[in-house]
4 protein chains.
Amino acid sequence: MLGKTFKVKFRVQWVDTDSAQIMHFSNYFRYFEYAETELFNQFNMDYAHFKKVFKIDFPRIEAHCRYLSPCRFNDIIEVEIDIIELGNKHIKYGFKIWNKTTESLSAEGYVVVVAADLKSKKAVEIPEPIKSKLREFFNLN
Amino acid sequence: MLGKTFKVKFRVQWVDTDSAQIMHFSNYFRYFEYAETELFNQFNMDYAHFKKVFKIDFPRIEAHCRYLSPCRFNDIIEVEIDIIELGNKHIKYGFKIWNKTTESLSAEGYVVVVAADLKSKKAVEIPEPIKSKLREFFNLN
Amino acid sequence: MLGKTFKVKFRVQWVDTDSAQIMHFSNYFRYFEYAETELFNQFNMDYAHFKKVFKIDFPRIEAHCRYLSPCRFNDIIEVEIDIIELGNKHIKYGFKIWNKTTESLSAEGYVVVVAADLKSKKAVEIPEPIKSKLREFFNLN
Amino acid sequence: MLGKTFKVKFRVQWVDTDSAQIMHFSNYFRYFEYAETELFNQFNMDYAHFKKVFKIDFPRIEAHCRYLSPCRFNDIIEVEIDIIELGNKHIKYGFKIWNKTTESLSAEGYVVVVAADLKSKKAVEIPEPIKSKLREFFNLN
């Protein structure tokens, strides 16, 4: 059975664009994160939950993006997330940003996050309930 | 003796602009805040100091801006701050944003902040050392 | 017959918040603008349309906001827009930002925009098709 | 003779931080770009110059960053840029972001830009005056 992806749509806002009249390259990472937030909302999990229940958060340790075609103001984009690696302490998310208005792949990249203890700031094991939700949603083994 | 103002220069960044090729209107408030930060840095005071020493922060309760002429990428702007009101619990800052590249007044406005207890979130008296620094710097009575 | 308002919901994103763990005050103006975009999308009108068909855009000439209660990450907010003035050359939008998660009014304010000729940058009459759409939607006389 | 680097300092602003009370990961790319702007300002070159004289701009085609230690509000950061590749049509910039307040390397990464004809949007040769300035400044062969 094939791995699933998580998809969610957004509109490119005026302030997201710059003087080249396209979305600024830094904002692709923000849209990845908006989608990551919605992914966890599906599991009824968010930062407050991670903090309160598991005493962790998920700082980003690496980010990468290749830009293929631009997004402009008012374009509809679809962020598609998959899991490249679900490690003991880290998650490597892959993401694609589709421009639905131009019917093009606008960008693809990845973001690596690590589970970190809120007090010690050290990497810790990803809590099993989180791994379990991700495994189930994405059809991971 | 006339009231003084605090002035500090910044460069308009690419990401500050939008598809109209001018600085986005929301960013003027950010530049006001960058200047406010430098003002307090002059007093060796910042958010960490307010938090640790005085157990307060300064949430914004009102903001206003009139936009007079645009700023473009790479323009040099000067933010000029004065104190319109120094109340017991609030400060009303006036600000002007001068575009030094076009030699025009780009915007003027005000921001009202209130001293708030970090725990109760209630408005409290502005600590005397802060008022004293502001009175001295701005030649207030 | 009472004036109507336009309402649209958004989620407060992680990057919208600051070290006080609340939405940064400048971002309220961005959320107003996201809602303004959706309002005109209802009329099948956007910046590209204004530019191509009417040779105008709508620069902001004034903005104001009073902040009443904070928004936090992942809160759902509803932006409610009404028309305070529909002038020959300007529109004064009122906006309220409701925090649906805390069931509070988070902020209220206004933004004044002016129709400006794209070449001369001078204020011009708002094209009748735009005024007509606004009058109809908001039940204005 | 060793390759040179370009260095410029900035202050981490309040709005750059998020609810984790550290600089948001997307903003590192913005600070890289602020430094890139200052680099070209040293050559009396900017976007307006590229557009007017050379009819090109430099869209980003790839971006990468590894995050090593956080930056907090009011920290002083130094962005250090070097040239990893100076191709016929592309430039691969390396960057390091040093947190001068904590005396730590906060992040390192790279950004790849391509010279693009403003009309056709196709990749074109980087104009010789630009390559020449970069070769000279960075002691490239």
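Predicted model, so just to flag it, every value in this text is computed and none were measured.

### Side note on the overall build of chain A
Next, step 1: Helix and strand counts for chain A stand at three helices and seven strands.
Next, step 2: For chain A, the C-alpha radius of gyration of 16 Å lies close to 14 Å, the compact-globule estimate for 141 residues.
Next, step 3: Its C-alpha atoms give chain A principal-axis dimensions of about 45 × 35 × 25 Å.
Next, step 4: Per-residue burial over chain A gives 57% buried out of 141 residues.
Next, step 5: Taking contacts inside chain A between residues at least 6 apart in sequence as the whole, the part at least 24 apart equals 69%.
Next, step 6: Separation of charge centres in chain A, based on 21 positive and 19 negative side chains, amounts to 4 Å.

### Some details on empty space enclosed by the protein
Next, step 1: The tally for this structure, following the rule as stated, stands at one cavity of 30 Å³ or more.
Next, step 2: Considering only enclosed or pocket space, the largest cavity measures out at about 310 Å³ in volume.
Next, step 3: Forming the boundary of the largest cavity are 23 residues, of which N27 and R30 of chain A, R30 of chain B, R30 of chain C together with R30 of chain D lie nearest the centre.
Next, step 4: When contributions to the lining of the largest cavity are tallied by element, the ones reaching two or more residues are α1 (27-42) of chain A, α1 (27-42) of chain B, α1 (27-42) of chain C together with α1 (27-42) of chain D.
Next, step 5: Here the lining of the largest cavity is composed, by residue class, of eleven nonpolar, four polar and eight charged.

### Section: the relation of the copies chain A and chain D
Next, step 1: Overlaying chain A with chain D gives an RMSD of 0.0 Å, the required rotation being 180° about an axis along which the chain moves by 0.0 Å. In short, the pair behaves as if placed about a two-fold rotation axis. Minimal C-alpha separation from the rotation axis in chain A is found for H64 of chain A, amounting to 2.1 Å.

### Comments concerning the interface of chain A and chain D
Next, step 1: Taken together, the contact between chain A and chain D spans 21 residues of the former and 21 residues of the latter.
Next, step 2: Between chain A and chain D, roughly 1,900 Å² of surface is buried when both sides are summed, and carbon and sulfur atoms account for 56% of that area.
Next, step 3: On the chain A side of the contact with chain D, F25, R30 and Y67 of chain A bury the most area, a combined 28% of that side's loss.
Next, step 4: Counting across the interface, chain A meets chain D through two salt bridges.
Next, step 5: E62 of chain A is the partner of R66 of chain D in a salt bridge, and the nearest nitrogen-oxygen pair spans 3.9 Å.
Next, step 6: Viewed at the interface, chain D and chain A are joined by twelve residue pairs in polar contact (both at pLDDT 80 or more).
Next, step 7: Going through the elements one at a time, α1, β3 (60-67) and β6 (104-114) of chain A are the ones with two or more residues in the side of chain A that touches chain D.
Next, step 8: Per element, the largest residue contribution to the side of chain A that touches chain D is eight residues, and it comes from β3 of chain A.
Next, step 9: Relative to strand β3 (residues 60-67) of chain D, β3 of chain A runs antiparallel, the two being bridged by five bridges. Across the sheet, the residue bridging to H64 of chain A is H64 of chain D, located in β3 of chain D.

### Things to note about the pattern of salt bridges
Next, step 1: What the rule picks out here adds up to 24 salt bridges over all chains.
Next, step 2: Linking R11 of chain C and E38 of chain A is a salt bridge whose minimum nitrogen-to-oxygen distance equals 2.4 Å. Taken together, the positions of R11 of chain C in strand β1 (residues 6-11) and E38 of chain A in helix α1 put the pair across two chains. With respect to burial, R11 of chain C and E38 of chain A carry one shared label: buried.
Next, step 3: Bridged by salt links that share partners, the residues E33, E36 and R60 of chain A form one connected network.

### Some details on the interface of chain B and chain C
Next, step 1: Counting residues at the interface gives 21 residues for chain B and 21 residues for chain C.
Next, step 2: Summed over both sides, the interface between chain B and chain C buries roughly 1,800 Å², with carbon and sulfur atoms accounting for 56% of that surface.
Next, step 3: Between the two partners, chain B and chain C, sit twelve residue pairs in polar contact (both at pLDDT 80 or more).
Next, step 4: For the side of chain B that touches chain C, the elements supplying multiple residues, two or more each, are α1, β3 (60-67) and β6 (104-114) of chain B.
Next, step 5: In terms of residue count, the dominant contributor to the side of chain B that touches chain C is β3 of chain B (eight residues).

### Concerning the sheet that holds strand β5 (residues 90-99) of chain B
Next, step 1: Reading across from one edge, β1(B)-β4(B)-β5(B)-β6(B)-β3(B)-β3(C)-β6(C)-β5(C)-β4(C)-β1(C) is the order of the ten strands in this open sheet, with antiparallel pairing throughout. The open sheet has two edge strands, β1 (6-11) of chain B together with β1 of chain C, and neither has a second partner. Each strand of the sheet is rotated relative to its neighbour by a mean of 20°, with strand direction disregarded.
Next, step 2: Helix-sheet contacts for helix α3 (residues 128-138) of chain B involve β1, β4 (76-86) and β5 of chain B, and the interaxial angle to β4 of chain B is about 115°.
Next, step 3: Where α1 of chain C meets the sheet, it contacts β3 of chain B together with β1, β3 (60-67), β4 (76-86), β5 (90-99) and β6 (104-114) of chain C, and its direction lies at approximately 125° from that of β1 of chain C.

### Remarks on the environment of V124 of chain A
All names here are of chain A.
Next, step 1: For V124, the position within the fold is in the loop between β7 (116-117) and α3 (128-137).
Next, step 2: Judged by relative accessible area, which is 25%, V124 ranks as partly exposed.
Next, step 3: In sequence terms V124 and I83 are 41 residues apart; their C-alpha atoms lie 19 Å from each other.
Next, step 4: If sequence neighbours within four positions are ignored, V124 has contacts with I56, N88, K89, A115, A116 and D117.

### Brief notes about the state of the cysteines
In protein chemistry, a disulfide is the covalent bond that joins the sulfur atoms of two cysteines.
All names here are of chain B.
Next, step 1: By the definition in use, this model includes zero disulfides over all chains.
Next, step 2: The thiol of C65 is unpaired, and the distance to the nearest cysteine sulfur, on C71, comes to 9.9 Å.
Next, step 3: Judged by relative accessible area, which is 0%, C65 ranks as buried.
Next, step 4: The exposure class of C71 is buried, given its relative accessible area of 0%.

Scoring rules and cut-offs
- The written sequence of each chain sets the order in which its residues are numbered from 1.
- Whichever chain is written first becomes A and whichever ligand is written first becomes 1, with later ones labelled in order.
- Reporting in this predicted model follows two pLDDT cut-offs: at least 70 for local features of residues, and 80 or more for side-chain atom pairs to be given and counted; totals over whole chains, interfaces and linings ignore these cut-offs and use all residues.
- Based on all heavy atoms of the structure, the side-chain values leave hydrogens and waters out of the count.
- In this description a helix means any DSSP run of H or I spanning at least four residues, a strand means any run of E spanning at least two, and both kinds are numbered starting from the N terminus.
- When we talk radius of gyration, it's over C-alpha atoms, and the globule rule is simply 2.2 Å times the number of residues to the 0.38.
- Whether a residue is buried, partly exposed or exposed follows from its accessible area with a 1.4 Å probe, protein chains only, as a fraction of its type maximum: under 20%, in between, or over 50%, in that order.
- Any two residues whose heavy atoms approach within 4.5 Å at even a single point are treated as in contact.
- Under the counting rule used here, the positive set is Lys and Arg, the negative set is Asp and Glu, and His together with the chain ends is not counted.
- All charge positions are set by atom: Lys at NZ, Arg at CZ, Asp at CG, Glu at CD.
- Here a cavity denotes a set of grid points, spaced 1 Å apart and computed over the protein atoms alone, in which a 1.4 Å probe fits but from which it cannot get out, and a pocket denotes an open set meeting protein on both sides within 12 Å along at least five of seven lines; residues with an atom within 4 Å of a point are reported as lining.
- Grid points are joined across faces, edges and corners, and a volume is the space filled by probe spheres set on the points.
- Polar here means any residue outside two lists: the nonpolar Ala, Val, Leu, Ile, Met, Phe, Trp, Tyr, Cys and Pro, and the charged Asp, Glu, Lys and Arg; Gly therefore counts as polar.
- We place the copies in one frame by least squares, fitting the C-alpha atoms of every residue whose pLDDT is at least 70 in both.
- Here's the idea: put two parts together, see how much 1.4 Å probe accessible area each one loses, and the total over both is what we call buried area.
- Between Lys or Arg on one side and Asp or Glu on the other, a salt bridge is scored when a side-chain nitrogen of the former is within 4 Å of a carboxyl oxygen of the latter.
- Pairs of N or O atoms within 3.5 Å make up the polar contacts considered here, provided that, within protein, one atom can donate a hydrogen while the other can accept it, and that residues adjacent in sequence are counted only when both atoms are side-chain atoms.
- Being paired, for any two strands, means DSSP has found at least two bridges between them.
- Note on geometry: axes are lines fitted to C-alpha atoms, helical ones only across the stretch in contact, with angles between N-to-C directions running from 0 to 180 degrees.
- When the sulfur atoms of two cysteines come within 2.5 Å, that pair is taken as a disulfide.

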